[in-house]
Amino acid sequence: MVEDIYNALHWTVKNIHKYGGDKSQITLMGHSAGAHLATLTTVKAALKMTVNDQKLKPIYLRNLISLNGRHKIDEGDELLAGIEQLKQLGNIPGLSFLGLYGEAREHLLVGKDGYDQSKILKSYGDKSILSLGAEKYTFVECDEDNVDPLGLSEPMIEQLKRTVRRVTIDHKIYHGGHSYILDGIQNKDAEIEQELLNMLSLNMNLLKSKTINYTNYSDLDVYYDSALIHSRRPVVVHVHGGGWCEGSKDKESYIGEFFQNNDYISVLVNYRLYPETESIDDMVEDIYNALHWTVKNIHKYGGDKSQITLMGHSAGAHLATLTTVKAALKMTVNDQKLKPIYLRNLISLNGRHKIDEGDELLAGIEQLKQLGNIPGLSFLGLYGEAREHLLVGKDGYDQSKILKSYGDKSILSLGAEKYTFVECDEDNVDPLGLSEPMIEQLKRTVRRVKIDHKIYHGGHSYILDGIQNKDAEIEQELLNMVESIY
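Residues numbered from 1 in each chain as written. Predicted model: local features only at pLDDT ≥ 70, side-chain atom pairs only at ≥ 80, totals over all residues. Heavy atoms only, no water.

Asks: So what about the nonpolar core? Which residues, and what values?
Replies: Residues Val222, Trp244, Ile280, Leu414 and Tyr419 are the most contacted members of the largest nonpolar core, which totals 62 residues. Excluding its chain neighbours within four sequence positions, the residues that come into contact with Trp244 are Leu273, Tyr274, Ile280, Met283, Ala315, His318, Leu319, Ile355, Arg387, Leu390 and Leu391. If you look at the next biggest cluster of nonpolar residues, it comprises 28 residues, including Ala45, Ile157, Leu160 and Val164. (Core = buried A, V, L, I, M, F, W, Y, C linked by side-chain atoms within 4.5 Å. Buried < 20%, exposed > 50% of the residue type's maximum accessible area, 1.4 Å probe, protein only. Contact = heavy atoms within 4.5 Å.)

Below is the structure:
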């Protein structure tokens, strides 16, 4: 049964867009045994448990609504006594279905385990689970329910509060019987219809974004949920690319919305670009200040400053990494001695971690300028001009070169608990292999760091394009990268 519901949910995630649905706004609802199975499936998937030799993957839900569900399953003598009672009641004319209920429990539960979700959670430590599949769990019970009596939600509510760090819980008790909500919908009871709609309308109009001027030069956007500002959820800070001379947070707003819809606070950063500045350190200073703004203020938007992932694409990946390295090593930037920034994860999407120098740099600049003369490629001329003004005759912009001056295992930590490098085999902008120098230096110099290196079949914007186009597989890949550290 769990396998069937899991497969139905995955079909929904994969296909519901064909029918006008938004897979990031799914509510899972069940009644009675269906509520038990919906919750059990979500729990087992979130915990990546194995069902019928298949390791489940988390399913991301906005809300799980349990209508009169059984979240405490009898065991032992109590279970056997209940089964016998149902069988006896099944002999009464008109109640034969209760005999079937007893027979089902006998075959499904006796001598078996793994069917009680609250018992599964008991084996987990306090606040040891980041998220349990659904952003919100809503439990509905009724005071005259003789099938699944009032109180059977309590064990699950207790375990959710104890074990899960990111969850909102609502517990509603109505005056009525086992099918109070379903009967109300069937009978078109306006009050009950509105009650159910209120449960379903979780945060649909409460997702917000706010623009903040974090310095006199630059701004950032915070994507958050105004209904959850008192919770503490993980944060993803994203730095856009564009050859140090173009691009903006606004052009990649879909990244902010993606993480917002998947229960994160997201921060998208603008920073000074060429020709506004001719200094890489100005860009580093901006990103450093944006990160410090985030650490200081993100709690106001429901974010957890101890759970920050910094992500960048292309030139943004280079700058995100360079900023983290310079801060971790307490280097001086624009007469300011930086302080370490503690990140859970740094994700470099198609970043350049080896910067050309000397004749190689000059030749690359000349090539870009020449290509910029071709109709439709004028932006490449700007890229060449930016490199000429930002890099020629200057230093301190190559993070792997900075690390080369440090001894083996001489650095305890380099700002991020984990570095994730993403490259693509058809990337013609920052070709496959440009992460290797940084990976090599991290392994050599840093004592405490986790490193992941992912190579995909695709071009320079493989991940970003996948998020923008709502490619389910690529969306899951990116979520897995972010969540891999938790």
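Text resumes after the structure shown.
Asks: So what's going on with unusual backbone geometry? Which residues, and what values?
Replies: At the junction of Tyr274 and Pro275, the peptide bond is cis and its omega measures out at 10° in the coordinates. Tracing the sequence through the fold places Pro275 in the loop between strand S10 (265-269) and helix H10 (280-297). Backbone geometry at Ser314 places phi at a positive 60°, although glycine is not the residue there. When you line up the elements, Ser314 lands in the loop between strand S11 (303-313) and helix H11 (315-328). Phi at Asn334 takes a positive value of approximately 50°, unusual for a residue other than glycine. The exposure class of Asn334 is partly exposed, given its relative accessible area of 33%. (Helix = DSSP H or I, 4+ residues; strand = E, 2+ residues; numbered from the N terminus.)

Asks: Give me H11: which residues, what numbers.
Replies: Spanning 14 residues, H11 covers 20 Å between terminal C-alpha atoms, matching the ideal 20 Å at 1.5 Å per step. Phi for Lys330, located one or two positions after H11, is positive at around 55°. (Expected span 1.5 Å × (residues − 1).)

Asks: Now, about the pairing of strand S5 (residues 129-142): what can you tell me, with residues and values included?
Replies: Judged by how many residues are buried, S5 sits mostly within the fold: 14 of 14 residues are covered. Inspection of the sheet shows strand S4 (residues 61-67) paired to S5 by 6 bridges, in the parallel sense. Looking at the pairing, Leu64 lines up with Tyr137 of S5. Two strands pair when backbone bridges link them, and S5 and strand S6 (residues 164-174) are joined in this way by 9 bridges, in the parallel orientation. Within S6, the residue paired with Tyr137 across the bridge is Ile169. Handedness of the β-α-β unit built from S5, helix H6 (residues 154-163) and S6 comes out right-handed. (Pairing = 2+ DSSP bridges. Right-handed = clockwise from strand over helix to strand, strands pointing away.)

Asks: Requested: an account of the packing of helix H3 (residues 76-89) against helix H4 (residues 96-109), with residues and values cited.
Replies: At their nearest, the axes of H3 and H4 sit 6 Å apart, and the two run at 150° to each other. Taken together, the axes of H3 and H4 are roughly antiparallel relative to one another. Along this stretch, H3 crosses H4, giving a crossing that reads as left-handed. Within the contact between the two elements, H3 uses Leu79, Ile83, Leu86, Lys87 and Leu89 and H4 uses Leu98, Gly99, Tyr101, Gly102, Arg105, Glu106 and Leu109. Here the residues of the contact of H3 with H4 sort into 7 nonpolar, 2 polar and 3 charged. (Axes fitted to C-alpha atoms, helices over the stretch in contact; angles between N-to-C directions. Parallel < 35°, antiparallel > 145°, perpendicular 65-115°, else oblique. Left-handed = near helix turned anticlockwise from the far one by under 90°. Nonpolar A, V, L, I, M, F, W, Y, C, P; charged D, E, K, R; others polar.)

Asks: Account for empty space enclosed by the protein, naming residues and giving values.
Replies: All chains considered together, the criterion is met by 1 cavity of 30 Å³ or more. In this structure, the largest cavity occupies an estimated 40 Å³ of space. Taken together, Trp244, Arg352, Ile355, Asp356, Leu361, Arg387 and Leu391 make up the full set of residues lining the largest cavity. Here the lining of the largest cavity is composed, by residue class, of 4 nonpolar, no polar and 3 charged. (1 Å grid on protein atoms, 1.4 Å probe; cavity = no way out; pocket = protein on both sides within 12 Å on 5 of 7 lines; lining within 4 Å. Points joined across faces, edges and corners; volume = space filled by probe spheres on them.)

Asks: Any details on the sheet that holds strand S1 (residues 27-31)? Residues and values, ideally.
Replies: Strand pairing in a sheet relies on backbone hydrogen bonds. The paired strands run either parallel or antiparallel. Spatially, S1-S4-S5-S6 is the arrangement adopted by the 4 strands of the open sheet, whose pairing is parallel. Each edge of the open sheet carries a strand with a single partner, namely S1 and S6. When the angles between neighbouring strand axes are averaged without regard to direction, this sheet yields 15°.

Asks: Could you give an account of the sheet that holds strand S15 (residues 416-424), with specific residues and numbers?
Replies: With mixed pairing, 8 strands are arranged side by side in an open sheet as S7-S8-S10-S9-S11-S14-S15-S16. At either end of the open sheet lies a strand with only one pairing partner, and these are strand S7 (207-213) and strand S16 (450-456). Shown here is a sheet whose adjacent strand axes are inclined to one another by a mean of 20°, direction ignored. Summarising the sheet, strand S9 (residues 233-239) and S10 pair through 5 bridges and their orientation is parallel. Each residue of the ladder has a partner; that of Val239, found in S10, is Val269.

Asks: How would you explain the layout of surface pockets if you had to name every residue and give the values?
Replies: Volume-wise, the largest pocket comes out at about 1200 Å³. Listing elements by their share of the lining of the largest pocket, those giving two or more residues are helix H1 (2-15), helix H2 (33-46), strand S2 (50-51), H3 and H4. Sorting elements by how many residues they give to the lining of the largest pocket places H4 first, with 7 residues. Residues of the lining of the largest pocket, tallied by class, amount to 21 nonpolar, 9 polar and 9 charged. Of the pockets and cavities examined, the second largest pocket occupies roughly 1000 Å³. Every element with two or more residues in the lining of the second largest pocket is listed here: H1, S4, S5, helix H9 (253-261), helix H16 (462-468) and helix H17 (472-483). The residue inventory of the lining of the second largest pocket, partitioned by class, reads 12 nonpolar, 13 polar and 12 charged.

Asks: Explain the side chain of Thr294 to me, and be specific about the residues and the numbers.
Replies: Relative to the helices and strands, Thr294 is located in helix H10. Exposure remark for Thr294: the relative accessible area of 1% places this residue in the buried category. Beyond its immediate chain neighbours, meaning those up to four positions away, Thr294 contacts Val235, Val237, Val267 and Ile308.

Asks: Which residues make up the environment of Gly407, and what are the values?
Replies: Along the polypeptide, Gly407 turns up in the loop between helix H14 (399-403) and S15. Judged by its relative accessible area of 37%, Gly407 falls in the partly exposed class. Separated by 229 residues in sequence, Gly407 and His178 have C-alpha atoms that sit 69 Å apart. Each residue touching Gly407, except ones within four places of it in the same chain, is listed here: Arg444 and Thr445.

Asks: So what's going on with the packing of aromatic side chains? Which residues, and what values?
Replies: Counted under the stated rule, the structure contains 11 aromatic pairs. With centroids separated by 5.1 Å and ring planes inclined at 65°, the aromatic side chains of Phe258 and Phe259 adopt a geometry described as edge-to-face. Using a relative accessible area of 0% as the deciding quantity, one classes Phe259 as buried. Among the aromatic side chains, those forming a connected cluster through ring pairs are Tyr224, Trp293 and Tyr301. Positioned above the aromatic ring of Tyr264, the side-chain terminus of Arg166 is 5.0 Å from the ring centre. (Phe/Tyr/Trp six-rings, centres within 6.5 Å; stacked < 30°, edge-to-face > 60°. Lys NZ or Arg CZ within 6 Å of the ring centre and 35° of its normal.)

Function cannot be inferred from these measures alone, as they are strictly geometric.
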